[in-house]
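A structural walkthrough
Listed below are the residues making up each chain.
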Amino acid sequence: MFPIRRGSAREIPYRSPVAGFLRQVVLIVTVAGMTMAAGPTMAAGPAAGDGSAAQQLVQQVTSSIIDDLVARRDVLQNDPQAVYELVDRLVIPHFDFEHMSQRVLGKKGWKAATPEQRGQFIAAFRTMLVRTYALMLTEYRGQLLTWRDPQQRKQGEVVVPVKIDLPGQPIEVEYALHGSGAGWRVFDVAVDGVSIVRNYRSSFRSELRRNGIDGLIASLEARNAARN
C-alpha cells in the first residue's frame, strides 16, 4: 500500500490510544493484499497440515479484497458505503468477533455482561473495525511481502507470520487464527509483537471502570454513528 506514517491517529475519526496502532494494522493488511495483486511475492515453503490451510486463507482473502478494489476503484473511492459492504462481504466472515470481544473485555468483563450486552458490544466493536478498515482500502501502493512458515501455537491455533518491507523499516505481522481445516478464523493481529486485542483491552479498561459495559457500548455506538 503506502508507507505507514507512525503516530497518525489524528487523521482518522476514531480517536483513542489504540487508533494509531489500528491504522497500522489496517495499512499492513491492505499492503499484503495489494502486493499479492500487483505482482509475485516471496514465500516460504508450505508447511504441513492445518498451518498451510490457515496461511492460504489469509492470502486468498487479501487477494480477493484487492481484486474487487481494483475492479471497482472509481465506485469505491466515491461511495464509503460500498467500501463498508466490500469489507463486510470479504473480510468480516473470516474474523471471530465473539472470541475477540471476549479477549478485549477480559474474563471479568465478559462474565459480568449479560447476553444482550455481549451481543451489543460485539456488534458495536465489529462496526468500528469495519469503518476503520474501510477508510484505508481506497489507497494503493505496492510493497514487497514475505510470507513465513505458519506456526502452531496450542491445539487448534495457528499464527501466520508475514514480513512487510516498508520503506526504512520492515514490519513483522502475525495473524492469529483458530479452528481447523477450512474453518480457520482470525482472532488477533499483532504488529511487531504488539497485539490489537491487547491494545483494545487496555484502551477500553478505564472506560469500563468509569461507565460500565453499557457506557462503553454507548460510546462505541456514538463514534460509529458519527462516522456514517
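Everything below is about the structure printed above this text.
The notes below deal with the structure included here. Counting restarts for each chain: residues are numbered from 1 in the order of the written sequence. With the structure being a predicted model, the display of local features is reserved for residues of pLDDT at least 70 and the display and counting of side-chain atom pairs for 80 or more, all residues being used for whole-chain, interface and lining totals. To obtain the side-chain values, all non-hydrogen atoms of the structure were used and water was disregarded.

**So, unusual backbone geometry**
Condition: When a residue's accessible area, from a 1.4 Å probe over protein chains only, is under 20% of the maximum for its type it is buried; when over 50% it is exposed; and in between it is partly exposed.
Despite not being glycine, Asp192 shows a phi value in the positive range, around 50°. Among the residues examined, Asp192 registers a relative accessible area of 37% and is labelled partly exposed.

**Here we look at the nonpolar core**
Selection criterion: As used here, the term nonpolar core means buried Ala, Val, Leu, Ile, Met, Phe, Trp, Tyr and Cys residues forming a set that is joined through side-chain atoms within 4.5 Å. Helix numbers and strand numbers start at the N terminus; a helix is a DSSP run of H or I with at least 4 residues, a strand a run of E with at least 2. We call two residues in contact whenever any of their non-hydrogen atoms come within 4.5 Å of each other.
Grouped together as the largest cluster of nonpolar side chains are 54 residues, with contacts concentrated most on Phe121, Phe125, Tyr175, Leu177 and Phe204. The set of elements that each furnish at least two residues to this core consists of α2 (50-71), α4 (80-90), α5 (97-112), α6 (115-136), β4 (157-165), β5 (171-178), β6 (185-191) and α7 (196-226). In terms of residue count, the dominant contributor to this core is α6 (nine residues). Ignoring any residue separated from it by four or fewer positions in sequence, one finds Phe125 in contact with Phe97, Met100, Ser101, Val104, Tyr200, Phe204 and Leu220.

**Considerations on the pattern of salt bridges**
Pairing between side chains of opposite charge can happen when the charged atoms of each approach one another. Put simply, the test is: Should a side-chain nitrogen of Lys or Arg be within 4 Å of a carboxyl oxygen of Asp or Glu, the pair is scored as a salt bridge.
Taken as a whole, this structure holds seven salt bridges when the rule is applied. Arg72 is the salt-bridge partner of Asp68, the closest N and O atoms lying 3.0 Å from each other. Among the ionic pairs, Glu157 bridges to Lys154, the shortest N-O distance being 4.0 Å. Accessibility expressed as a relative area gives 8% for Glu157, which makes it buried. Classification of Lys154 as exposed rests on a relative accessible area of 54%. Connected via shared salt-bridge partners are Arg103, Arg153, Lys154 and Glu157.

Fair warning: the whole summary comes from geometry, so function is off the table for now.
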